[in-house]
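Coordinates in review
The chain contents come next:
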Amino acid sequence: MKVIAAMSGGVDSAVAAARAVEAGHEVIGVHLALSANPQKYRSGARGCCTVEDSHDARRVADIIGIPFYIWDMASEFHEAVVDNFISEYSIGRTPNPCLRCNEKIKFAAVLNRARAMGYEKVVTGHYAKVVDSPTGPMLNRANDPEKDQSYVLAVLTQDQIAGAMFPLGDTHKVDVRAEAQARGFALAQKPDSHDICFVPSGDNAGWLRERLGSESGSILDEHGKKLGSHKGAYTYTIGQRKGLNLTVPANDGSPRYVLKIEPLSNTVVVGSHEKLAVSKISGSEIKWCGPVPGNEALRGFAQVRAHGQALPCSYKFDGVNLTAILDEPLYGLAAGQALVIYDGDRVVGSATIDHTDQAIGSSNGS
Amino acid sequence: MAINSATAYLDNAATTAMVPEAVLAMSQQLSKVGNASSLHAAGRSARKVVEESREAIADAVGASPSEVIFTASGTEANNLALKGFYWHRLAEGRNVIATSPIEHHAILDPLEWLVDHENAKWLELDVDQNGQVLIEGAEKKIKEVANSISLISIMHSNNEVGSVQHVGEIAAIAGELDLPIHTDAVQSFGKIPLSFRELNVTAMSLSAHKIGGPLGIGALVLKKGLDLTPVLHGGGQERDLRSGTLDTPAIAGFAAAATIAIAELNSRAARVRKLRERLISGVLAKVENTSVNSAKDHLPGIAHFTFEGAEGDALLLLLDAQGVQCSTGSACSAGVPRPSHVLLAMGMNDKRAKSSLRFSIGPSTTEADIDLVISVIAPVVERARAAGLV
Ligand SMILES: Cc1ncc(COP(=O)(O)O)c(C=O)c1O
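These lines cover the structure that appears in this document, whether it is placed above or below. (Residues numbered from 1 in each chain as written. Chains lettered and ligands numbered in written order. Predicted model: local features only at pLDDT ≥ 70, side-chain atom pairs only at ≥ 80, totals over all residues. Heavy atoms only, no water.)

1. Details of the sheet that holds strand β9 (residues 290-292) of chain B
All names here are of chain B. Within the open sheet, the three strands sit side by side as β9-β10-β12. Their pairing is antiparallel. Edge strands, defined here as strands with exactly one partner in the open sheet, are β9 and β12 (356-360). Averaged over neighbouring strand pairs, the angle between their axes works out to 25° when direction is ignored. Pairing of strand β10 (residues 302-307) with β12 involves five bridges; the strand directions are antiparallel. Looking at β12, one finds that His 304 is bridged to Arg 358. This element, helix α9 (residues 265-286), spans β9, β10 and β12 of the sheet and lies at about 15° to β10. (Pairing = 2+ DSSP bridges. Helix = DSSP H or I, 4+ residues; strand = E, 2+ residues; numbered from the N terminus. Axes fitted to C-alpha atoms, helices over the stretch in contact; angles between N-to-C directions. Contact = heavy atoms within 4.5 Å.)

Here's what the structure looks like:
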């Protein structure tokens, strides 16, 4: 099969590409240039897509003997991922840019381009599995529970999943590193990238302040009493505890958490932990990774963070919105994150969270 | 598309195969010891090779041997010309460098560096849509600030679209105003008639690997008696303007390649020109909405196309898979493909500029190479156009 291997310059995509070659596919390596002004070097585990990363990817392509090209996806990435990130924060939501990148760039812009050029699939180093079934390919969790990335892929449609190849789904990360070493890849010990690739400093709040301004606003308690001030409501996230710098202690001395973000009035509301409890979650922009369920309530598991727990729930799709009712409440959930429904290890689908039943601030943040 | 095992190397403007004579001349020297600056027998024998080579190259380019300064590349020759003239003439209060916007990066980047770090000013001489400097406009602009001009630098021919510049006319203007003029002749040397003396320029850059010589050797031809500020300081081997132990084997290879290139210039050019015509008519017959970017005066071996609606990067990948090796001609700044500054300066929009591809034909190109391109081009462009729509 003719496939395009997306090679970031990291260890996972390198081993994935090598495995695709060994499986007998005709592979072409492509490095996505996602920034028009890439940094020259990585600093530790921060950032990606530097010139050094593209060089590392090229060296791997040489070793495994495949052609290698750089595709300029900077403007697509900026529009679909970076602008979306900023606008979501500006309305008090907490977006997940990795998920957006998979949905709009890797398995849309890149996959479509690959298909038009006669290549059937895009190979990536994601930890997830594509499993064939009578109703078409299904997306499943990876074998390595620590690394499982099915959550950030749950925005893919079945057609996109059909165009995805994840050669690392059955392997643990330690073994991938060992394999990279054995294959003689110099990047075998390169640290995993964390954080958000387009915020190389790792300082999200500072990065957002540069783009959305840093007008100060009030931090209020649940009753509207002013407890302190902040420099931009959008730099907070529901459930956040650190960085509030409150001088007035709570009556009972218990820690306070961000309950609500109001971008219009630039206010942050804080309160006690139990006020963060959420049992009912609903979202829109539904993506089904497999067959579309009927409109009866079904049992499954809900996951709301990339490395969060899968929480037992019942869920229901009314044709527009997806709603999950958790058996046990969870604490601290921001709108804009993805609600991903699992059936065992299988990803059923996802929604972008709009509403929760949190006592205060159960809104889309506006 | 069938998988072809045949390949066609059509990127000779990037670099071209060494001619056997150059390989021989170079390998004979590689097995010998001797620093051309040493006074003993081994040194003298290396020096003899260097000076014979210098004479051969001077002969090939219509200069005197003492005017040839060896450098480690065309890039270095360009840097020496730009920075050397700039620093040398700065004391006279001259800080303007006049160039076209379609110069090679080996001119534009040192220029940008001088602007950013050394207070230089860029006088941009406009080009027309065929990639040729507009002489009247250039004359007017130059005359307006003649007293501040440090150097004029205009490439002899462009490496992307192959347009040949009217360097002689600009040199005449420079001569009238007593201004130094440099020309980057890296692409012209050995391909079209070129004489340092007849052009009457002050300095000229050459590079061996574009004419069948080795990589990593070039020359700045500089009029006698002129001084520049060196870029590399050291032993002062080359007229005290350039330091570094002379690379005798590379210099010998350069001279061998230059000698053959000049001896065979007309026959090579005629062959290459015919192959270019075959390629252009073949491609245009197979693919619609395609244009050729070319000036009336152009290099014999460069065929530059715009395939509307297809991205150059996609075309390159698909052609590579079919064994056809060519170039988007665009500079890969920081690893990210950008639309070519040359095409943008010629007035093309970003989209068209990104839809362009350069095939460059060399002396070793065959009809079979051209026919391979013609046989695969239609489905390749079709696919790239489909990919351009998604
Ligand atoms: C017009 C032009 N000038 C300068 C150079 C640089 O020469 P070199 O590769 O010897 O550094 C090149 C080739 O890349 C060229 O085409």
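2. A closer look at the packing of aromatic side chains
All names here are of chain A. Under the definition given, this model contains eleven aromatic pairs over all chains. Measuring from centroid to centroid gives 5.7 Å for Phe 85 and Trp 207, while their planes differ by 65°, and the two rings are edge-to-face. Placement of Phe 85 in helix α3 (residues 74-90) and of Trp 207 in helix α8 (residues 204-212) is noted, with a sequence separation of 122 residues between them. Each member of the pair, Phe 85 together with Trp 207, is buried. Ring centres of Trp 288 and Phe 317 lie 5.0 Å apart, and the angle between their planes is 75°; on these two criteria the pair is classed as edge-to-face. On the criterion of sequence distance, the pair formed by Trp 288 in strand β12 (residues 277-288) and Phe 317 in strand β14 (residues 311-317) is long-range, its members being 29 residues apart. (Phe/Tyr/Trp six-rings, centres within 6.5 Å; stacked < 30°, edge-to-face > 60°. Buried < 20%, exposed > 50% of the residue type's maximum accessible area, 1.4 Å probe, protein only.)

3. Some thoughts on the pairing of strand β9 (residues 226-230) of chain A
All names here are of chain A. As defined by bridge partners, strand β8 (residues 217-220) adjoins β9 across four bridges and the pair is classed as antiparallel. When the bridges of β9 are listed, Leu 220 appears paired with Lys 226. Count of turn residues in the β8/β9 antiparallel hairpin: five residues, of which Gly 224 carries a positive phi of about 90°.

4. As for the interface of chain B and chain A
At the interface, 19 residues of chain B touch 18 residues of chain A. Both faces considered, chain B and chain A share a buried interface measuring about 1600 Å² in area, 64% of it formed by carbon and sulfur atoms. The interface formed by chain B and chain A includes two salt bridges. For the salt bridge of Arg 113 of chain A with Glu 311 of chain B, the shortest nitrogen-to-oxygen distance reads 3.0 Å. In this assembly, chain B and chain A are joined by two residue pairs in polar contact (both at pLDDT 80 or more). Those elements giving two or more residues to the side of chain B that touches chain A turn out to be α10 (312-321) and α13 (367-389) of chain B. Counting residues per element, the side of chain B that touches chain A draws most heavily on α10 of chain B, which supplies seven residues. (Buried area = accessible area lost by both parts, 1.4 Å probe. Salt bridge = Lys/Arg side-chain N within 4 Å of Asp/Glu carboxyl O. Polar contact = N/O pair within 3.5 Å; in protein donor to acceptor, adjacent residues only side chain to side chain.)

5. Focus on the site of the ligand
Residues and elements named next belong to chain B. The ligand sits among 13 residues. The nearest are Gly 74, Thr 75, Asp 184, Ser 207 and Lys 210. Note that an oxygen atom of the ligand is positioned 3.2 Å from one of the side-chain N or O atoms of His 104. In the environment of the ligand, an oxygen atom lies 2.8 Å from a nitrogen or oxygen atom belonging to the side chain of His 209. Burial of the ligand by the surrounding chains reaches 88%, relative to a free accessible area of 390 Å². In terms of residue count, the dominant contributor to the shell around the ligand is helix α3 (residues 74-90) (three residues). Grouping the constituent residues of the shell around the ligand by class yields two nonpolar, nine polar and two charged. (Near = heavy atom within 4 Å. Areas by Shrake-Rupley, 256 points an atom, 1.4 Å probe, with all protein chains shown as cover. Nonpolar A, V, L, I, M, F, W, Y, C, P; charged D, E, K, R; others polar.)

6. Topic: the environment of Val 340 of chain A
Residues and elements named next belong to chain A. Following the sequence through the fold, Val 340 ends up in strand β16 (residues 338-343). For Val 340, a relative accessible area of 0% gives the class buried. Sequence-distant contacts of Val 340, defined by excluding residues within four places in its chain, comprise Tyr 151, Ala 154, Phe 301, Ala 302, Gln 303, Val 347, Gly 349 and Ser 350.

7. Let's talk about the pattern of salt bridges
For side chains bearing opposite charge, pairing can occur when the charged atoms are close. This model, assessed by the stated rule, comprises 40 salt bridges over all chains. Notably, a salt bridge pairs Arg 183 of chain A with Glu 179 of chain A, separated by 2.9 Å at the nearest N-O pair. Residue classification places Arg 183 of chain A among the partly exposed residues on the basis of a relative accessible area of 22%. Measuring nitrogen to oxygen at the nearest pair gives 2.6 Å for the salt bridge that ties Arg 47 of chain B to Glu 51 of chain B.

8. Looking at helix α4 (residues 97-116) of chain A
Counting buried positions along α4 of chain A yields 14 of 20 residues, so the element is predominantly enclosed. One or two residues past the end of α4 of chain A sits Gly 118 of chain A, with phi positive at roughly 95°.

9. Digging into the packing of α10 of chain B against α13 of chain B
Each packed pair of helices is defined by two parameters, the angle between the axes and the distance between the axes. Residues and elements named next belong to chain B. Interaxial distance between α10 and α13 falls to 9 Å at its minimum, and their mutual angle equals 135°. Between α10 and α13, the angle is such that the two are oblique. When you trace α10 past α13, the crossing you get is right-handed. Counted together, Ala 314, Leu 315, Leu 318 and Leu 319 of α10 and Val 376, Ile 377, Val 380, Val 381, Arg 383 and Ala 384 of α13 form the full contact between these two elements. (Parallel < 35°, antiparallel > 145°, perpendicular 65-115°, else oblique. Left-handed = near helix turned anticlockwise from the far one by under 90°.)

10. Some words on the nonpolar core
One finds Trp 71, Ile 105 and Phe 198 of chain A together with Leu 279, Phe 307, Leu 319 and Phe 359 of chain B to be the most contacted residues of the largest nonpolar core, which totals 82 residues. Of the residues forming this core, the biggest block, ten residues, is contributed by α13 of chain B. Within the second largest apolar cluster, 65 residues are counted, among which are Ala 58, Ala 171, Phe 254 and Ala 353 of chain B. (Core = buried A, V, L, I, M, F, W, Y, C linked by side-chain atoms within 4.5 Å.)

11. Comments concerning the pairing of β10 of chain B
All names here are of chain B. Within β10, six of the six residues are buried, which leaves the element mostly enclosed by the surrounding structure. Here β9 pairs with β10 via three bridges, running antiparallel. Paired with Val 292 across the two strands is Phe 305, which belongs to β10.

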